[in-house]
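Residues per chain, in single letters:
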Amino acid sequence: MTLLIKNGRVIDPGTKQDKVADVFVRDGRIEKVMPQLQEAADQELDASGCFVMPGFIDLHVHLRDPGFERKETVVTGAAAAAHGGFTTIVAMPNTKPVVDHADVVSYVHNKAKSVTKVNVLQAGAITKKMEGFQLAEIENMVRAGSPAISEDGKSVMNAYLLQEAMKLAKRLDIPVLSHCEDKNLVNGGVVNADDNARRLELPGITNSVENVIVIRDVQLAKETGARLHLCHCSTKESVEIVKMAKARGNQVSAEVCPHHFTLCSDDMVAGDTNYKMNPPLRTREDMEALRRGLQEDILDVIATDHAPHTKEEKNDSMLRAPFGIIGLETAAALTYTELVLGGYLTPMQMAEKMSRNPALVLGIDKGTLEEGKTADIVIFDPAQTYEIDASGFASKSRNMPYQGRTVTGAVRATIAGGEVIYQAHR
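Residues numbered from 1 in each chain as written. Predicted model: local features only at pLDDT ≥ 70, side-chain atom pairs only at ≥ 80, totals over all residues. Heavy atoms only, no water.

## Digging into the sheet that holds strand β8 (residues 119-122)
Piece 1. The strand order across the open sheet built from 3 strands is β6-β7-β8, with neighbouring strands paired in parallel fashion. Here the strands that pair on one side only, and so sit at the sheet edges, are β6 (56-61) and β8. Neighbour-to-neighbour, the strand axes of the sheet open up by a mean angle of 15°, direction not taken into account.
Piece 2. By the bridge criterion, 4 bridges tie β6 to strand β7 (residues 86-91) in an arrangement that is parallel. Looking at the pairing, F56 lines up with F86 of β7.
Piece 3. Across the sheet, helix α13 (residues 347-362) touches β6, β7 and β8, and the angle it forms with β6 is around 65°. (Pairing = 2+ DSSP bridges. Helix = DSSP H or I, 4+ residues; strand = E, 2+ residues; numbered from the N terminus. Axes fitted to C-alpha atoms, helices over the stretch in contact; angles between N-to-C directions. Contact = heavy atoms within 4.5 Å.)

## Thoughts on the nonpolar core
Piece 1. Counting 75 residues, the largest nonpolar core has I89, I138, L230 and M350 as its most contacted members.
Piece 2. Here this core gets 7 residues from one element, more than from any other, and that element is helix α4 (residues 159-172).
Piece 3. Each residue touching I138, except ones within four places of it in the same chain, is listed here: A125, I126, I149, A165, L168, L172 and I174. (Core = buried A, V, L, I, M, F, W, Y, C linked by side-chain atoms within 4.5 Å. Buried < 20%, exposed > 50% of the residue type's maximum accessible area, 1.4 Å probe, protein only.)

## Considerations on the pairing of β6
Piece 1. β6 sits mainly inside the fold: 6 of its 6 residues count as buried.
Piece 2. One crossover worth recording links β6 to the parallel β7 by way of helix α1 (residues 74-83), and it is right-handed. (Right-handed = clockwise from strand over helix to strand, strands pointing away.)

## Regarding the packing of helix α7 (residues 208-224) against helix α8 (residues 236-247)
In a packed pair of helices, the relevant descriptors are the angle between the two axes and the axis-to-axis distance.
Piece 1. Interhelical geometry of α7 versus α8 gives an angle of 10° and a closest axis separation of 9 Å. Classified by the angle between their axes, α7 and α8 sit roughly parallel to one another. The handedness of the crossing between α7 and α8 comes out as right-handed. Residues E210, N211, V214, I215 and V218 of α7 form the contact with α8, whose participating residues are E237, S238, I241 and A245.
Piece 2. Among the residues forming the contact of α7 with α8, the class breakdown is 5 nonpolar, 2 polar and 2 charged. (Parallel < 35°, antiparallel > 145°, perpendicular 65-115°, else oblique. Left-handed = near helix turned anticlockwise from the far one by under 90°. Nonpolar A, V, L, I, M, F, W, Y, C, P; charged D, E, K, R; others polar.)

## What to know about the side chain of S397
Piece 1. In this structure, S397 sits in the loop between β16 (377-387) and β17 (406-416).
Piece 2. Exposure remark for S397: the relative accessible area of 3% places this residue in the buried category.
Piece 3. A distance of 2.9 Å separates the side chain of S397 from the backbone oxygen of K71, its partner in a polar contact.
Piece 4. The residues contacting S397, other than those within four sequence positions of it, are K71, P308, H309, T310 and I326. (Polar contact = N/O pair within 3.5 Å; in protein donor to acceptor, adjacent residues only side chain to side chain.)

Rendered as structure tokens:
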């Protein structure tokens, strides 16, 4: 099987190449990248005016499978990923049962291989049942293919237990994906603790909820030598802590979600639970610090924290509705609109943060268009302007605050292993 992508602007963060060229793919691998190729191919795509980048990699996705298939499944989640330009996604372990042993890892991986060409990687929990009392079967999960461990939407509050997990992760050469939240400081909060929370008469979540655990986890990672990846950073202090940690030589990386660099607490609509996520939307000052952190390469990765919920679940009060919004099908457009057109990132930096750097965090051989590598590719149109409309999404869920928002930039095609798995109809 051969594929020829013609006339695109090839942006490869692996080789730092940025030029108009053709990409020729044979049997799932990139064979040639050069201008005006004359190769005959089984399929040809015209990428004129478009970026040709390595397929995006999302380090933080909730597929809700097994156990919560009414919200999302491996099938629908992978389809949403393909629509969003993602060729690899890392699924979080807060399913039912929790992914705390190898059998659940194998279930997700086997199901994904049978229904999608998107590379679905299942992260393992750090503790059994994610209860924070006893380490999960980490070594067995890694043998079954888990690329990382995470307690996902909570922190391991027992510092000694986390330290032991980090030692094991160091030995197994996998990263620890850390959601930083001191649950004792949350105290029932549902939105950021600021004037907006007081105006809406809602309990607030302070920056210290995140900052305290960021400092702790960075210190534990330094002492154990573990590779630490900080999930969905949301505060200006997190940016400062990561900057200092890197200056000290820590093996630390950090991600930001599109909702945290596109929205702040001033944007919340009273009573609309699509603005309820964890961490919460912070102040405009925090949002600007995150943008600058991405611009200055302090923050390495853009990840979605794709968190599908049913309409019935979200159609409740801000106090009772679940945290989270979907993001796989909006991430690329929001990144391009807010950060590239906004002057914070170059197209090369966008490719680094959505593809190359996530691959480096995981230690997988992806995130590049170098000849000989697997042909995971996204064709992205930087000129198409439109309004976001969730009614056409592949995800089962629609919970997000971007309905009707005008953005620029659209995924034209997604190629995984040399096969076109999504192509937009224009």
